[in-house]
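A structural walkthrough
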Amino acid sequence: MRSDERSLRWRCRRGTKELDLLLERFLTAHYAQLAAAEQAAFERLLAQEDHALQAWLIYGESPPDAELTRIVERIRSSHLLSPR
């Protein structure tokens with residue numbers, strides 16, 4: 001495992017098991033196939049606060065910008081989650 005991948009995996013570890021699972025599984029299964037802009041959006045997503053990530057990924061709220069919205073939708077669809 002490369003050091004940047006280890007760093008991303010570490011950043012996927014959040015305050016709840018639900019977020020950990022969503023983010024780590026997406027990283028493992030899909031991150032390498034993303035375009036550079038999508039990878040950057042995922043990394044920017046990881047810089048957000050846990051409460052915002054929970055609202056967007058678990059409760060179906062929309063992030064404040066289009067790039068984050070697209071990556072959130074991609075993560076949610078990879079786990080077959082639909083907005084509430």
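What comes next is a walk through the structure. (Residues numbered from 1 in each chain as written. Predicted model: local features only at pLDDT ≥ 70, side-chain atom pairs only at ≥ 80, totals over all residues. Heavy atoms only, no water.)

1. Section: the nonpolar core
Among the nonpolar cores identified, the biggest contains 22 residues, and Leu 23, Phe 42, Leu 45, Trp 56, Leu 57, Ile 71 and Ile 75 are the most heavily contacted of them. Elements that contribute at least two residues to this core include exactly α1 (3-12), α2 (17-30), α3 (36-46), α4 (50-58) and α5 (66-78). Leaving out residues up to four positions away in the same chain, Leu 23 has contacts with Cys 12, Arg 14, Phe 42, Leu 45, Leu 46, Leu 53, Leu 57 and Ile 75. (Core = buried A, V, L, I, M, F, W, Y, C linked by side-chain atoms within 4.5 Å. Buried < 20%, exposed > 50% of the residue type's maximum accessible area, 1.4 Å probe, protein only. Helix = DSSP H or I, 4+ residues; strand = E, 2+ residues; numbered from the N terminus. Contact = heavy atoms within 4.5 Å.)

2. Considerations on α3
It helps to recall that an α-helix has 3.6 residues per turn; residues three or four apart then point in one direction. Among the residues of α3, those classed as buried are Gln 39, Ala 41, Phe 42, Leu 45 and Leu 46. Looking straight down α3, one finds that the buried residues subtend no more than 160° of arc, so they occupy a single side. Seen from the buried face of α3, the exposed residues on the opposite side, beyond 90 degrees, are Ala 36 and Ala 37. (Arc of directions from axis to C-beta.)

3. Regarding the packing of α2 against α5
One can describe the packing of α2 onto α5 by two numbers: an axis separation of 10 Å at closest approach and a directional angle of 90°. Between α2 and α5, the angle falls in the class roughly perpendicular. Contacts between α2 and α5 involve Leu 22, Leu 23, Phe 26 and His 30 from the first element and Ile 71, Arg 74, Ile 75 and Ser 78 from the second. Within the contact of α2 with α5, the residues separate by chemical class into 5 nonpolar, 2 polar and 1 charged. (Axes fitted to C-alpha atoms, helices over the stretch in contact; angles between N-to-C directions. Parallel < 35°, antiparallel > 145°, perpendicular 65-115°, else oblique. Nonpolar A, V, L, I, M, F, W, Y, C, P; charged D, E, K, R; others polar.)

4. Considering α2
Spanning 14 residues, α2 covers 19 Å between terminal C-alpha atoms, matching the ideal 20 Å at 1.5 Å per step. Among all positions of α2, only Leu 19, Asp 20, Leu 22, Leu 23, Glu 24, Phe 26 and Leu 27 are buried. (Expected span 1.5 Å × (residues − 1).)

5. Considering the packing of α4 against α5
As a packed pair, α4 and α5 sit with axes 9 Å apart at the nearest point and diverge in direction by 60°. One element, α4, and the other, α5, form an angle in the oblique class. Here Trp 56, Leu 57 and Ile 58 of α4 come into contact with α5, specifically with Leu 68, Val 72, Ile 75 and Arg 76. Grouping the constituent residues of the contact of α4 with α5 by class yields 6 nonpolar, no polar and 1 charged.

6. Digging into the environment of Ile 58
Mapped onto the elements, Ile 58 comes out in helix α4. Ile 58 sits in the partly exposed class, given a relative accessible area of 23%. The spacing of Ile 58 and Arg 14 is 44 residues in sequence and 13 Å in space, taken between C-alpha atoms.

7. Section: the environment of Leu 57
With respect to the helices and strands, the residue Leu 57 is situated in helix α4. Under the relative-accessibility criterion, Leu 57 is labelled buried at 0%. Between the C-alpha atom of Leu 57 and that of Ala 35, which follows or precedes it by 22 residues, the distance is 21 Å.

Purely geometric numbers; function is a separate question.
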